[in-house]
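# Structure at a glance
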Amino acid sequence: MNLLQECKGAGRIGISGHIRPDGDCIGSCMGLYLYLRKELPQAQIRVFLEKPAEIYGCISRIEDVDSSFGEQKKFDVFFALDTAADRLGAALPFFEAAGKRINIDHHISNAKGCGDVNFVDPDASSTCELVYRLLGREGLDVEIAKALYMGIAHDTGCFQYSCTSPDTLRAAADLISYGFDFSRLIDETFFEKTYLQTQILGRALLESIRFMDGRCVVSVLNRKTLDFYGAQPQDLEGIVSQLRTVAGVECAIFMYEMRALEYKVSLRSGDKVDVAAVASYFGGGGHVRAAGCTMLGTAHDVINNLSLHIERQLDGKEAKA
Ligand code: 5GP
Ligand code: MN
């Protein structure tokens, strides 16, 4: 796909990503936004996302993000980044009504793509890596490089997860050559936690329970606990990865109560369980080693339903990834 070719003649271009945007979603949307602004000064370009967390304040023009999703005239081209249409949230009507819909994603649960034009590669570490591929060396500048590097670093757990490939590292090497302070960027957007985040992480770890002979671990935060700390969904990022590091654990489950009898579930696995398959079964999706879904019922019901699928895989009754 040639980005500028696809946008040729477009007067209004929109960009959005998934609900509860993470580093890769924000990095890819902003990287593409900065690029299109630079290359297509005549076009009206808008970027829509739920309000990015304050840590993303270091990304150039983040203040341009429209989180009000107010009524919009039809877009000639609309980009859905890092997601299929189902998680576009309030941007879905803009995408659906657009003259041309373009989908750039790396989720295996969205392998076919949801646009008129699709650039989906489930083997890519991140959507930022895909945007990097599309821009090429000529398209980059220091601010775009910073946004894309952030997303790659976040989605690879700082180049640690198995989605990290030689191409990922080559992209990252190229990006840091633009000269931004990559060490500080990752410290501020990935490692640094607020006091509240460390408190709630501690609480979640303290209350975690191992089961299936220690091959699974689960932690649940109910509404009352979340309200006590005043925690928002973005304060809970990283808890599930921490649970996954427990020795012997093949699959970690973290879930929090969104409303009565409704849980947001995050799954992480080592090298035995395909959690994308588990999450997809329950209407969610993601990657083989990191996936999520929303489930209804009591916490007990949810855990029982999930563990049935996880156990089947661990016992080898289903194909392993
Ligand atoms: P997390 O557990 O960090 O929320 O998400 C892990 C991965 O699964 C991310 O790539 C995220 O985009 C994806 N994911 C999480 N929840 C859902 C969901 O409800 N539906 C789909 N399709 N993907 C999800
Ligand atoms: Mn991503």
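Just so you know, these numbers come straight off a predicted model, no measurement behind them. Throughout this document, residue positions are counted from 1 along each chain, in the order its sequence is written. Going through the entries in the order they are written, you letter the chains from A and number the ligands from 1. Local features in a predicted model are, by the rule used here, given only for residues with pLDDT of at least 70; side-chain atom pairs are given and counted only at 80 or more, and totals for whole chains, interfaces and linings are based on all residues. Processing note: side-chain calculations cover all non-hydrogen atoms of the structure and skip hydrogens and water entirely.

UniProt positions are given in the numbering used here, feature names are shortened, and annotations may be inferred rather than shown by experiment. According to UniProt, the feature "domain: DDH" (unreviewed entry) maps to residues 12–152 in the numbering used here. Across residues 12–152 one finds 33% helix and 18% strand; the C-alpha atoms that close the span lie 28 Å apart. By definition, any uninterrupted DSSP run of H or I lasting at least four residues is a helix, any uninterrupted run of E lasting at least two residues is a strand, and each is numbered from the N terminus.

Definition used in this section: a nonpolar core is a set of buried Ala, Val, Leu, Ile, Met, Phe, Trp, Tyr and Cys residues joined via side-chain atoms within 4.5 Å. In this scheme, a residue with accessible area under 20% of its type's maximum is buried, one over 50% is exposed, and one in between is partly exposed, where area comes from a 1.4 Å probe on protein chains only. Ranked by internal contacts, the top residues of the largest apolar core, which has 52 residues, are Ile-13, Ile-15, Met-30, Leu-36, Phe-79 and Leu-148. Among the elements that take part in this core, helix α2 (residues 23–39) stands out by supplying nine residues, more than any other. Ignoring sequence-local partners within four residues, the contact set of Ile-15 consists of Cys-29, Leu-32, Tyr-33, Leu-36, Ile-45, Arg-46, Val-47, Phe-48, Phe-78, Phe-79 and Leu-81. The next biggest cluster of nonpolar side chains, apart from the first, holds 23 residues, and it includes Ile-253, Val-273, Ala-279 and Phe-282. Only heavy atoms matter for contacts: two residues are in contact if any of them lie within 4.5 Å across the pair.

Once that is clear, we can look at the packing of α2 against helix α4 (residues 127–139). The interhelical angle for the contact between α2 and α4, taken along N-to-C directions, is 25°, at an axis separation of 9 Å. As the angle between them shows, α2 and α4 are arranged roughly parallel. For the pair α2 and α4, the sense of crossing is left-handed. On α4, the residues that touch Asp-24, Gly-27, Ser-28, Leu-32, Tyr-35 and Lys-38 of α2 are Thr-127, Cys-128, Val-131, Leu-135 and Gly-139. In terms of residue class, the contact of α2 with α4 is built from five nonpolar, four polar and two charged. As a rule, the C-alpha atoms of each element are fitted with a line to give its axis, helices using only the stretch in contact, and angles between N-to-C directions run from 0 to 180 degrees. Roughly parallel here means an angle under 35 degrees, roughly antiparallel means over 145, roughly perpendicular means 65 to 115, and every remaining angle is called oblique. In this scheme the crossing of two helices becomes right-handed for a clockwise turn of the near helix relative to the far one and left-handed for an anticlockwise turn of less than a right angle. Gly is put with the polar residues, along with every residue not named as nonpolar or charged; the nonpolar set is Ala, Val, Leu, Ile, Met, Phe, Trp, Tyr, Cys and Pro, and the charged set is Asp, Glu, Lys and Arg.

A few words on the site of ligand 1. Put simply, a residue is near a molecule or strand once any heavy atom of it comes within 4 Å of that molecule or strand. The full set close to ligand 1 counts 13 residues, and Arg-87, His-107, Lys-264, Ser-266 and Arg-268 are the nearest of them. Side-chain atoms alone can form a polar contact between residues adjacent in sequence; in general such a contact is a pair of N or O atoms within 3.5 Å, and within protein one must be able to donate a hydrogen while the other accepts it. The side chain of Lys-264 places a nitrogen or oxygen atom 2.8 Å from a nitrogen atom of ligand 1. Elements with a contribution of two residues or more to the shell around ligand 1: β9 (262–269), β10 (285–286) and β11 (290–296). In terms of residues, the shell around ligand 1 owes the most to one element, β11, which gives four residues. Taken together, the residues of the shell around ligand 1 sort by class into three nonpolar, seven polar and three charged.

Further remarks concern the UniProt feature "domain: DHHA1" (unreviewed entry) in the protein chain. On the UniProt side, "domain: DHHA1" (unreviewed entry) is annotated at positions that read residues 228–295 here. Helix makes up 22% of residues 228–295 and strand makes up 37%, while its end C-alpha atoms are separated by 23 Å.

Here we take up the sheet that holds strand β3 (residues 77–81). A pair of strands is considered paired only if DSSP assigns at least 2 bridges between the two. The five strands lie next to each other as β2-β1-β3-β4-β5, forming an open sheet whose pairing is parallel. In this open sheet, the two strands that pair with only one neighbour each are β2 (44–48) and β5 (117–120). Neighbour-to-neighbour, the strand axes of the sheet open up by a mean angle of 15°, direction not taken into account. In this sheet, β2 lies alongside strand β1 (residues 12–16) in parallel orientation, the contact comprising five bridges. Opposite Gly-14, over in β2, you have Arg-46 as the bridge partner. Strand contacts of α4: β3, β4 (100–105) and β5, with the helix running at about 115° to β4, the strand carrying the most contacts.

This part covers the packing of aromatic side chains. Centres within 6.5 Å make a pair out of two Phe, Tyr or Trp rings, where for Trp the six-membered ring is used; the pair is then stacked when the planes are under 30 degrees apart, edge-to-face when over 60, and tilted otherwise. Taken as a whole and judged by the stated rule, the model has 15 aromatic pairs. Both rings, one in Phe-78 and one in Phe-94, keep their centres 6.3 Å apart while their planes meet at 55°; by these two values the pair is tilted. Of the two residues, Phe-78 is situated in strand β3 and Phe-94 in helix α3 (residues 92–97); the sequence distance between them amounts to 16 residues. Classification of Phe-78 as buried rests on a relative accessible area of 0%. Residue class for Phe-94 comes out buried when judged on its relative accessible area of 10%.

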